[in-house]
Amino acid sequence: MPHVLQPSERERFKLTLNTDGRSHPVENILSVATLVCGIVAFVATFWTSAHMISSWIGTLGFGVGLYSQYVSATTPQRSLNVIGLVGSFVGAALGIAHGGFLPHP
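These lines cover the structure that appears in this document, whether it is placed above or below. (Residues numbered from 1 in each chain as written. Predicted model: local features only at pLDDT ≥ 70, side-chain atom pairs only at ≥ 80, totals over all residues. Heavy atoms only, no water.)

**Points about the overall build of the chain**
Step number 1: Tallying secondary structure elements over the chain gives four helices and zero strands in all.
Step number 2: Listing the helices and strands of the chain from first to last along the sequence gives α-α-α-α.
Step number 3: Counting only residues that meet the buried cut, the chain has 30% of its 105 residues in that class.
Step number 4: A separation threshold of at least 6 residues defines the contact pool for the chain, and within that pool the share at least 24 residues apart is 77%. (Helix = DSSP H or I, 4+ residues; strand = E, 2+ residues; numbered from the N terminus. Buried < 20%, exposed > 50% of the residue type's maximum accessible area, 1.4 Å probe, protein only. Contact = heavy atoms within 4.5 Å.)

**Focus: the pattern of salt bridges**
Once their charged atoms are close, side chains differing in charge can pair, the charge on each being opposite to the other.
Step number 1: For the coordinates displayed, the defined rule picks out one salt bridge.
Step number 2: In this structure, the salt-bridge partner of Asp 20 is Arg 22, at a minimum N-O distance of 3.8 Å.
Step number 3: Note on Asp 20: relative accessible area 37%, which makes it partly exposed. (Salt bridge = Lys/Arg side-chain N within 4 Å of Asp/Glu carboxyl O.)

**Some remarks on the packing of aromatic side chains**
Step number 1: For the structure shown, the criterion picks out three aromatic pairs.
Step number 2: Aromatic pair Phe 62 and Phe 89: ring centres 5.9 Å apart, planes at 50°, arrangement tilted. Here Phe 62 is found in helix H3 (residues 51–71), whereas its partner Phe 89 is found in helix H4 (residues 75–98), with 27 residues between them in sequence.
Step number 3: Classification of Phe 62 by relative accessible area gives partly exposed; the value is 32%. (Phe/Tyr/Trp six-rings, centres within 6.5 Å; stacked < 30°, edge-to-face > 60°.)

**Observations concerning helix H2 (residues 25–44)**
Step number 1: Here H2 spans 28 Å end to end across 20 residues, near enough to the 28 Å set by a 1.5 Å rise per residue.
Step number 2: Those residues of H2 lying buried are Glu 27, Asn 28, Leu 30, Ser 31, Thr 34, Cys 37, Gly 38, Ala 41 and Ala 44. (Expected span 1.5 Å × (residues − 1).)

**Some details on the environment of Gly 65**
Step number 1: Within the secondary structure layout, Gly 65 lies in helix H3.
Step number 2: For Gly 65, a relative accessible area of 0% gives the class buried.
Step number 3: Between the C-alpha atoms of Gly 65 and Cys 37, which are 28 residues apart in sequence, the distance is 9.1 Å.
Step number 4: The contact partners of Gly 65, leaving out residues within four places of it in the chain, are Thr 34 and Leu 85.

**So, the packing of H2 against H4**
Step number 1: Between H2 and H4, the least distance of the axes is 7 Å, while the angle of their chain directions is 30°. For the element pair H2 / H4, the angle class is roughly parallel. Between H2 and H4 lies a crossing whose hand is left-handed. Taken together, the residues of H4 that come into contact with H2 (itself represented by Glu 27, Asn 28, Leu 30, Ser 31, Val 32, Thr 34, Leu 35, Cys 37, Gly 38, Ala 41 and Phe 42) are Gln 77, Leu 80, Asn 81, Ile 83, Gly 84, Leu 85, Gly 87, Ser 88, Val 90 and Gly 91.
Step number 2: Here the residues of the contact of H2 with H4 sort into 10 nonpolar, 10 polar and one charged. (Axes fitted to C-alpha atoms, helices over the stretch in contact; angles between N-to-C directions. Parallel < 35°, antiparallel > 145°, perpendicular 65-115°, else oblique. Left-handed = near helix turned anticlockwise from the far one by under 90°. Nonpolar A, V, L, I, M, F, W, Y, C, P; charged D, E, K, R; others polar.)

Listed below in structure tokens is the structure:
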């Protein structure tokens with residue numbers, strides 16, 4: 001059991017969403033889209049005049065994120081989904097509070 005105590009060769013760190021060794025292109029795209037929508041919706045809440053962007057993108061990201069969480073196959077995909085869902089929800093909620101889905105008259 002010497003290989004357990006001192007591994008002979010170290011594997012390089014590899015950032016991937018496919019930790020199970022299989023390719024999941026649709027699930028990966030949905031997870032990244034959820035994350036991007038969440039970031040955009042959350043960042044747009046810092047400007048109250050961008051309430052339409054945060055409302056629409058947040059709602060879109062929340063819907064895509066729920067479906068993406070339903071079909072996700074790996075833990076990294078689920079992690080991105082949760083981060084994107086939270087950002088989308090906060091963005092949509094604050095966007096609605098700042099003025100909603102339509103421009104001010």
